[in-house]
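Residue-level listing of the chains:
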Amino acid sequence: MDAPELVQRARDARGNAYAPYSDYRVGAALLTDDGRVFTGVNVENASYGLTVCAERSAIFTAVAAGARSFQAIAVATEDGASCCGACRQVLFEFGGNTIVYLAPADGAWKTTTVANLLPEAFGPDA
Ligand code: THU
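Residues numbered from 1 in each chain as written. Predicted model: local features only at pLDDT ≥ 70, side-chain atom pairs only at ≥ 80, totals over all residues. Heavy atoms only, no water.

A.B. asks: Help me out: how do you make sense of the packing of helix α2 (residues 54–64) against helix α3 (residues 85–92) in this one?
C.D. replies: A packed helix pair is summarised by two numbers, namely the angle formed by the two axes and the spacing between the axes. Two elements in contact, α2 and α3, have axes separated by 9 Å at closest approach and are oriented at 25°. Considering the angle they form, α2 stands roughly parallel to α3. The two elements α2 and α3 meet at a crossing, and its hand is left-handed. Where α2 abuts α3, its residues Glu 55, Arg 56, Ile 59 and Phe 60 lie against Ala 86, Cys 87, Val 90 and Leu 91. Of the residues assigned to the contact of α2 with α3, the class counts are 6 nonpolar, no polar and 2 charged. (Axes fitted to C-alpha atoms, helices over the stretch in contact; angles between N-to-C directions. Helix = DSSP H or I, 4+ residues; strand = E, 2+ residues; numbered from the N terminus. Parallel < 35°, antiparallel > 145°, perpendicular 65-115°, else oblique. Left-handed = near helix turned anticlockwise from the far one by under 90°. Contact = heavy atoms within 4.5 Å. Nonpolar A, V, L, I, M, F, W, Y, C, P; charged D, E, K, R; others polar.)

Encoded structure:
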């Protein structure tokens, strides 16, 4: 699966985000090394601190299905914002080389890596 397809999967997933408090909807699509795609969305809660981000939702779903090696993750937001620190750390657990596409609702996305987003990280090999 190429980058445009993965970004589209994240944009499609974003439609299922549950974000009635922030009204900031996020979709993620995570591509495994063996070609599977797992999607996630942010899921907010009336007890705000219980919110789970789209990226971690996708990662946990993938891990639950037995996947642990990830080629890339696409993150779709309105404005192309980057992953929060918690999601960077959780992504790093499974490898710094994972490619990250940060996609706004319309137009071009930014391409980076987990290692670039989390320099000098603490991780499983640290
Ligand atoms: N959010 C994500 O889903 N991923 C991120 O990396 C940043 C923030 C969500 C959490 C919350 O539901 C909303 O965006 C506003 O912070």
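Once the structure has been displayed, the description carries forward.
A.B. asks: Where do I start with the pattern of salt bridges in this structure?
C.D. replies: Scanning the model with the defined rule gives 2 salt bridges in all. Salt-bridge contacts for Glu 78 lead to Arg 14; the nearest nitrogen and oxygen are separated by 3.1 Å. Taken together, the residues Glu 78 in the loop between β3 (70–76) and α3 and Arg 14 in helix α1 (residues 3–14) connect sequence positions 64 residues apart. Judged by relative accessible area, Glu 78 falls into the partly exposed class, the value being 46%. (Salt bridge = Lys/Arg side-chain N within 4 Å of Asp/Glu carboxyl O. Buried < 20%, exposed > 50% of the residue type's maximum accessible area, 1.4 Å probe, protein only.)

A.B. asks: I keep staring at the sheet that holds strand β1 (residues 27–32) and nothing clicks. Help me out?
C.D. replies: Either a parallel or an antiparallel arrangement is found when strands of a sheet pair, and the pairing is made through backbone hydrogen bonds. Judged by pairing direction, the sheet is mixed, and its 5 strands sit side by side in the order β2-β1-β3-β4-β5 without closing on themselves. Every other strand in the sheet has two partners, leaving β2 (37–41) and β5 (110–113) as the edge strands with one partner each. The average angle at which neighbouring strand axes cross in this sheet is 20°, direction not considered. Two strands pair when backbone bridges link them, and β3 and strand β4 (residues 99–103) are joined in this way by 5 bridges, in the parallel orientation. (Pairing = 2+ DSSP bridges.)

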